[in-house]
Amino acid sequence: MATLTIQNVKKSYGAVDVLKGIDLELENGEFLVLLGPSGCGKSTLLNMIAGLDTITDGEILINSKVVNDVHPKDRDIAMVFQSYALYPNMTVERNIGFGLEMRKVTKADREKRVDEAVRMLQIDHLRDRKPAQLSGGQRQRVAMGRALVRKPEIFLFDEPLSNLDAKLRVEMRTEIKKLHQRLGTTMVYVTHDQIEAMTLASRIAILREGEIQQFASPQEVYERPANMYVAGFVGSPAMNFIPATVVSEDNQLGVSIERTANGERSSVFLALPDDLQDIGEWVGREVILGIRPETLTHRSDAEMSQNKRLQPFDCQVEVLEPTGADTLTYIELGGREVIARVNPYNTSNPGETMAFMVDMGKASLFDPKSELRI
Amino acid sequence: MKTNPMTEQSLPAKRPLSDWLRWNVAKLVVAPTFALIIFFVYGFIAWTGYVSFTKSKMLPTYSFEGVYQYVRLWKMSTWHVAMENLLVFGGLFILIAIVLGCLLAVALDQRVRAEGLLRTVYLYPMAISFIITGTAWKWILNPGLGLEKMFHSWGWESFSFDWLINSDMAIYTLVIAAVWQSSGFVMALFLAALRGVDSEIIKAAYLDGASLSRIYLVIILPTLRPVFLSSFFILAHMAVKSFDLVVALTGGGPGNSSIMPANFMYEMTFRRNQIGLGAASAMMMLATVMAIVIPYLYSELRERKHG
Ligand SMILES: Nc1ncnc2c1ncn2[C@@H]1O[C@H](COP(=O)(O)OP(=O)(O)OP(=O)(O)O)[C@@H](O)[C@H]1O
Ligand SMILES: [Mg+2]
């Protein structure tokens, strides 16, 4: 177990700045997920933590000790690679034990630890096979076994599940989560899959073009995204972005949104919750209202009377997309296509006007220019 | 099937021909070259094989005489010298070229600067024919012209390098020249294979605590087994065939000390009017190549079958 601190770490390849000053701080036993699109520098950062790539500027500390110049093998880090990187000419057993062999662990001890690892990963029947004789999922387990036996201070995973099929991916995701709960080791996990990030992480760092957009718990990232990029990246279907104007009505701040109801174009006023009442300087200005589809649904008067933050409005339905559990209802607000998640038994037909309510307590407001959260 | 009776009736004869053409066009294209190969390669192998069992001298005769020529051949001390030379030359040449080529490839794999230039420099000798290589090395190794004279003119008077005119050492000059010519090619083979190795495997080995030499010896080189094999077979057949290098560099001499089977065969067949004996020596060379190639093909085919 270890703490990991990354201070203003930069990386350039020639004139290209791949990482532009990364700051992260991990507690003992945390599970950090680095989330970002392809090419944003996730693998680069992971390789630098492992010591496989040089650091252009900044410091990496493990257990408060600067490790910039420490050789990878002395960092007590194990890594699971995207391509699994198994040694093709060695059996599963030797693959797993190779790290111990290099560290001069005695044969008996080595065998015991390899034994433990293959049992834990349920691959003991495969121990004499070569990697070429394994399926993708089995190779994945061997790669994990190789990391496990070393009992490292920190585990690094570079998109370990991206080569597996959908079903296996979900299974392995759960296993990794269980593994973390059992071992309690600090882990850093790279992915571009936001669902993996949400399910596994104790904290998520969202990267974009070498910069951290937000570093927070999954819940916080989901409910209070730091900017429109994060808001759009996390969640499926994605958050709705609605152009709106901040207005004051009856001494209450709210947003005014254009929409069509009963065949007419008109504005609707949605009051902002108490914690957003202090944005007086925005009155009369444009903002972007961010609403998650599941906070926008059919109106229920019983619920509305209990929760003041639920705001009603009517709107014409454009398209319905049933998914089974919910029906995704497409409406148009402020000139944008917006998705609402509606119970299948409460939908209206396309072209009809339907009564909605939105939980403004879970809404986000963004500055349309800087795209930052207000 | 009676879906389209009109077309079936109107094209009764044309259809089969165009179909036949479509299925057989590939065979038709290959057929001439196939026939030529059958005749000029395998046909002449068979002819040579037959002639080796006759008493042909200047002109081929066709009366069967059994293994007479083979017995004669194996009684000749020159043939023994040639076979021993093949063994020494082939063994050293293959071993040194592979080791050197492999080391060069590993060195170049470290992302050295000017790699493109170095690769060309090492590979370039392969583009030269053995005749040129032999002639160039004859000048370099000639005591009166090349290295020895150069060191003497630099003031190292005692320096002596006379392998070319030393009948015990002449065979090794062939090794030097052949290695010079071929190790760059072996390097290119290995380098291409090394570049194909997943870089994550090397990273994983680093994290596992293996040193660079360990990584190459224990992890990477074992995966290059096919490249070792192909280099071995390419070099082995070059060794058995080597004829022009000997002609250009040592001329088989001093005496017959650096003669190789191919030179022996040429000498007997075309100079000394001993076609039967030459054919027998050619068949022995074929047998040597077979002894190498057949196990290779066998292991390859078996591996393919086992997946
Ligand atoms: N050796 C290199 N030289 C130059 N640029 C590089 C080098 N390695 C990576 N890059 C660049 O750095 C950026 C980040 O690469 P990195 O591999 O970290 O992306 P990633 O976030 O892991 O993407 P992916 O999800 O596709 O794996 C990319 O734009 C890539 O082109
Ligand atoms: Mg990557």
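Since we're looking at a predicted model, the values are computed, not measured. (Residues numbered from 1 in each chain as written. Chains lettered and ligands numbered in written order. Predicted model: local features only at pLDDT ≥ 70, side-chain atom pairs only at ≥ 80, totals over all residues. Heavy atoms only, no water.)

## Focus on the site of ligand 1
All names here are of chain A.
- The full set of residues close to ligand 1 is Tyr13, Val18, Ser38, Gly39, Cys40, Gly41, Lys42, Ser43, Thr44 and Glu159.
- The separation between an oxygen atom of ligand 1 and a polar side-chain atom of Ser43 is 2.6 Å.
- Separating an oxygen atom of ligand 1 from a side-chain N or O atom of Glu159 is a distance of 2.8 Å.
- Contact with the protein chains removes 57% of the 640 Å² of surface that ligand 1 exposes when unbound.
- Looking at the shell around ligand 1 element by element, the count peaks at three residues for helix α1 (residues 42-50).
- The residue inventory of the shell around ligand 1, partitioned by class, reads three nonpolar, five polar and two charged. (Near = heavy atom within 4 Å. Polar contact = N/O pair within 3.5 Å; in protein donor to acceptor, adjacent residues only side chain to side chain. Areas by Shrake-Rupley, 256 points an atom, 1.4 Å probe, with all protein chains shown as cover. Helix = DSSP H or I, 4+ residues; strand = E, 2+ residues; numbered from the N terminus. Nonpolar A, V, L, I, M, F, W, Y, C, P; charged D, E, K, R; others polar.)

## Quick look at the interface of chain A and chain B
- Listed by partner, the interface residues are 25 residues for chain A and 16 residues for chain B.
- Together chain A and chain B conceal approximately 1,700 Å² of surface at their shared face, both sides included; 63% is due to carbon and sulfur atoms.
- Taken together, chain A and chain B are joined by one salt bridge.
- Linking Asp208 of chain B and Arg150 of chain A is a salt bridge whose minimum nitrogen-to-oxygen distance equals 3.5 Å.
- There are 10 residue pairs in polar contact (both at pLDDT 80 or more) connecting chain A and chain B.
- Among the elements of the structure, α1, β6 (77-80) and α2 (92-102) of chain A are those that each provide at least two residues to the side of chain A that touches chain B.
- Of the residues forming the side of chain A that touches chain B, the biggest block, four residues, is contributed by α2 of chain A.
- Tallied by class, the residues present in the side of chain A that touches chain B amount to 14 nonpolar, six polar and five charged. (Contact = heavy atoms within 4.5 Å. Buried area = accessible area lost by both parts, 1.4 Å probe. Salt bridge = Lys/Arg side-chain N within 4 Å of Asp/Glu carboxyl O.)

## Considering the sheet that holds strand β8 (residues 186-191) of chain A
Residue and element names in this part refer to chain A.
- Read from one edge to the other, the open sheet built from six strands follows the order β6-β7-β8-β3-β9-β10, with strand pairing classed as mixed. What marks the edges here is a single partner per strand, and that holds for β6 and β10 (211-216). In this sheet, adjacent strand axes meet at a mean angle of 15° when their direction is disregarded.
- One ladder, built from four bridges, connects strand β3 (residues 31-35) with strand β9 (residues 203-208); its direction is parallel. Considered in β9, the bridge of Leu34 is made with Ala205.
- Against the sheet, α1 contacts β3, β6, β7 (154-158), β8 and β9, and its axis sits at roughly 155° relative to β7.
- Against the sheet, helix α4 (residues 136-148) makes contact with β6 and β7, and its axis sits at roughly 175° relative to β6, the strand it touches most. (Pairing = 2+ DSSP bridges. Axes fitted to C-alpha atoms, helices over the stretch in contact; angles between N-to-C directions.)

## Some details on the side chain of Ser300 of chain A
- For Ser300 of chain A, the position within the fold is in the loop between β15 (296-298) and α9 (301-306).
- At 3.2 Å, the side chain of Ser300 of chain A and the backbone nitrogen of Glu303 of chain A are in polar contact.

## Concerning the pairing of β9 of chain A
Residues and elements named next belong to chain A.
- With five bridges joining them, β9 and β10 adopt antiparallel strand pairing. Residue pairing for β10: Ala205 is matched across the bridge by Phe215.
- Between the end of β9 and the start of β10, which pair antiparallel, lie two residues, with Glu209 showing a positive phi angle near 50°.

## Considering the side chain of Thr173 of chain B
All names here are of chain B.
- Along the chain, Thr173 falls in helix α8 (residues 170-195).
- Its relative accessible area of 0% is what places Thr173 among the buried residues.
- Within polar-contact distance, the side chain of Thr173 engages the backbone oxygen of Ala170 at 2.5 Å. (Buried < 20%, exposed > 50% of the residue type's maximum accessible area, 1.4 Å probe, protein only.)

## Remarks on the packing of aromatic side chains
Residue and element names in this part refer to chain A.
- Counted by the stated rule, this structure contains 25 aromatic pairs over all chains.
- With 5.6 Å between their ring centres and 20° between their planes, Phe313 and Phe356 make a pair best called stacked. Of this pair, Phe313 sits in strand β16 (residues 310-322) while Phe356 sits in strand β19 (residues 353-359); the two residues are 43 residues apart in sequence, bridging distant segments of the chain.
- The ring of Trp282 carries Arg285 above its face, with NZ or CZ at 4.1 Å from the centroid.
- Sitting over the face of the ring of Tyr222, Arg292 holds its NZ or CZ atom 4.0 Å from the ring centroid. (Phe/Tyr/Trp six-rings, centres within 6.5 Å; stacked < 30°, edge-to-face > 60°. Lys NZ or Arg CZ within 6 Å of the ring centre and 35° of its normal.)

## What to know about α4 of chain A
- Along its 13 residues, α4 of chain A runs 18 Å from first to last C-alpha, staying within 8% of the 18 Å computed at 1.5 Å per residue.
- Of all 13 residues in α4 of chain A, 10 are buried; the element is thus mostly enclosed.
- Contacts from the buried residues of α4 of chain A go to β6, α2, α3 (107-120), β7 and α5 (166-183) of chain A together with α9 (199-207) of chain B. (Expected span 1.5 Å × (residues − 1).)

## Some points on the nonpolar core
- Core analysis: the biggest nonpolar cluster contains 89 residues, and Leu4, Ile6, Ile60 and Leu156 of chain A together with Phe89, Phe93 and Ile219 of chain B have the highest contact counts within it.
- When neighbours within four sequence positions are excluded, Ile6 of chain A is seen to be in contact with Ile22, Asp23, Leu24, Leu45, Ile49, Glu59 and Ile60 of chain A.
- Of all hydrophobic cores here, the second largest spans 43 residues; its members include Val118, Leu164, Ala201 and Ile206 of chain A. (Core = buried A, V, L, I, M, F, W, Y, C linked by side-chain atoms within 4.5 Å.)

## Remarks on the confidence of the model for chain B
Residues and elements named next belong to chain B.
- Per-residue confidence for chain B gives a mean pLDDT of 84, with 94% of residues at or over 70.
- Confidence, read as mean pLDDT per element, is least for helix α1 (residues 5-10) in chain B (46) and greatest for helix α4 (residues 77-108) (92).
- Segment residues 1-11: pLDDT under 50, and one contact once partners within four positions in sequence are set aside and those in other chains are kept.
- This complex was scored by the predictor with a pTM of 0.78 and an ipTM of 0.81. (pLDDT = per-residue confidence, 0-100.)

## Re the domain arrangement of chain A
All names here are of chain A.
- Structurally, chain A comprises domain 1 (4-233) and domain 2 (240-366).
- Domain 1 and domain 2 are separated by 41 Å when their C-alpha centres are compared.
- Taken together, both faces of the contact between domain 1 and domain 2 bury some 670 Å²; the carbon and sulfur share is 57%.
- On the domain 1 side of the interface with domain 2, the three residues burying the most area are Tyr222, Met228 and Ala231, jointly 68% of the side's total.
- The tally of links between domain 1 and domain 2 comes to zero salt bridges.
- Inspection of the domain 1/domain 2 interface yields two residue pairs in polar contact (both at pLDDT 80 or more).
- When residues of the side of domain 1 that touches domain 2 are traced back to their parent elements, those giving at least two are α7 (218-223) and α8 (228-233).
- Here the side of domain 1 that touches domain 2 is composed, by residue class, of five nonpolar, two polar and one charged. (Domains from an automatic or database assignment.)

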